[in-house]
Each structure stands twice: as structure tokens, then as C-alpha cells.
Amino acid sequence: GGYCSDDRVYDKTVGPLVRSVLCGGNATCFAYGQTGSGKTYTMAPLPTRAAKELLSGFAEFNKVFEEEKKKNECPENGLNDAAPTSPNNEEDVGQKIELWVSAYEIYGGKVYDLLASREKLRVLEDAKNQMQIVGLSEFLCENVSEA
């Protein structure tokens, strides 16, 4: 294989996912390949950079959210006349954006939680025909060092 800089790998793989998340989407990044092919080495620096960009974008959104919330407070009763809305999901109206992180490995047909001591997990299909990883740890990241 040839050399490819971390920046190029990020720009071609993770960068578009970050932009999608900042526009209200969800994202998953997979590294697929033979054991010993360099997946971990290649992917290792990318999550920290993604977390920095996501948290920066979320901080800006949340700042605007708080400013709008203050503008819309009704002084007589302390209630909001109109809460700010999330651009793509009506269920999230009036909610701040947060970054939740999970990490799992699929190896030898088995799934392991990388944030919970490699606990073995099960993958099941839900009633909406969506695949779910049962018991996968999820952690709220409030700063880059937690990502």
C-alpha cells in the first residue's frame, strides 16, 4: 500500500460524516480489513479531530440556543413563548445538542464493546427492521478529552 496523510484520510472519510452530523444527521465510520492491515493505526487520530469539530459546532449551536431562549422568556410568568428549534427533528424542539460516543469491534463474527472492557454484545433486528447492538455503552462527551 501507499502513504496517505492523516489529513487526507480525514477529509475523504470522517470530514463528510462530521458535516452531516452538524446538519442534523447521524454517522458511523467503519474501518474494514484484514487483521494486521493497519486499521487501528490509520483510524486512531481521527476521532479526536472529529470530536473537536463536533463539539465546536455544537457549542456554537448551543450558544445561539441559549441566546434565543433568553430572548423568548416571558417576564410575567417565566415561561418561554417559543423555544428554539433543532433544524431537522421536531422531537428535539427546545433541546441542546449533545455528543454521545460508542465504539465497538466486529471480530470473528462476534461484537465487542470497546468502551466496556471488550464485553461481548448481541446484534438484533428491531420491529422497524433496524439492527441494534444490545447493551452497547454510550458516553456523553462534554469536552474533547472525553471523546
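Nothing here was measured: the structure is a model prediction, and the numbers come from that model.

**Q** When you look at the pattern of salt bridges in this model, what are you seeing that I'm missing?
**A** Oppositely charged side chains are able to pair whenever their charged atoms sit close together. Under the counting rule described, the total for this entry stands at four salt bridges. Ionic pairing is found between Asp11 and Arg49, a salt bridge with its closest N-O pair at 3.6 Å. With Asp11 in helix α1 (residues 6-22) and Arg49 in helix α3 (residues 46-71), this pair connects stretches of sequence that are 38 residues apart. Connected via shared salt-bridge partners are Asp7, Asp11, Arg49 and Glu53.

**Q** How should the confidence of the model for the protein chain be read in this particular structure?
**A** Low pLDDT marks stretches whose predicted atomic positions should not be read closely. The predicted model of the protein chain averages 79 in pLDDT, with 80% of residues at 70 or higher. Within the protein chain, helix α2 (residues 39-43) has the poorest average pLDDT of any element, 80, and strand β4 (residues 119-125) the best, 95. Taken as a whole, residues 77-87 scores under 50 in pLDDT and shows 23 contacts with residues more than four places along the chain or in a different chain.

**Q** Would you mind showing me how to read α1 here?
**A** For an α-helix, 3.6 residues make a turn, and residues three or four places apart therefore share a direction. Most pronounced at Val14, the bend in α1 amounts to some 45 degrees, and the proline Pro16 follows within four residues. For α1, every residue scored as buried is listed here: Val9, Tyr10, Val14, Gly15, Val18 and Val21. Those residues of α1 hidden inside the fold are in contact with α2 and α3. Gly24, located one to two residues past α1, shows a positive phi value of around 105 degrees.

**Q** Could you clarify how one ought to interpret the pairing of β4 in this entry?
**A** Residues in a regular strand project their side chains so that they alternate between the two faces of the sheet. Bridge count for strand β3 (residues 110-113) against β4 is three bridges, and the pairing is antiparallel. Following the sheet pairing, Tyr112 is matched in β4 by Lys120. Joining the antiparallel neighbours β3 and β4 is a turn of five residues, in which Ser117 adopts a positive phi near 50 degrees. Here β4 pairs with strand β5 (residues 131-134) via four bridges, running antiparallel. Note on β5: the bridge partner recorded for Glu125 is Met131.

**Q** Is there a simple way to explain a nonpolar patch on the surface in this structure?
**A** On the surface, a cluster of nonpolar side chains totalling about 260 Å² of accessible area is made up of Leu114, Leu115 and Phe139. Counting through the fold element by element, Phe139 comes out in strand β6 (residues 139-141).

**Q** What should I look at first to understand the nonpolar core in this one?
**A** Grouped burial of nonpolar side chains is what soluble globular proteins tend to show. Grouped together as the largest cluster of nonpolar side chains are 13 residues, with contacts concentrated most on Tyr10, Val14, Val18, Leu54 and Leu99. Contributing elements (two or more residues each) for this core: α1 and α3. Beyond its immediate chain neighbours, meaning those up to four positions away, Leu54 contacts Val18, Val21, Leu22 and Leu99.

Analysis parameters
- Residues numbered from 1 in each chain as written.
- Predicted model: local features only at pLDDT ≥ 70, side-chain atom pairs only at ≥ 80, totals over all residues.
- Heavy atoms only, no water.
- Salt bridge = Lys/Arg side-chain N within 4 Å of Asp/Glu carboxyl O.
- Helix = DSSP H or I, 4+ residues; strand = E, 2+ residues; numbered from the N terminus.
- pLDDT = per-residue confidence, 0-100.
- Contact = heavy atoms within 4.5 Å.
- Bend = angle between axes of the 7 residues up to and from the residue.
- Buried < 20%, exposed > 50% of the residue type's maximum accessible area, 1.4 Å probe, protein only.
- Pairing = 2+ DSSP bridges.
- Patch = residues over 30% accessible without salt bridge, like charges linked within 9 Å, V, L, I, M, F, W, Y side chains within 5 Å.
- Areas by Shrake-Rupley, 256 points an atom, 1.4 Å probe, with all protein chains shown as cover.
- Core = buried A, V, L, I, M, F, W, Y, C linked by side-chain atoms within 4.5 Å.

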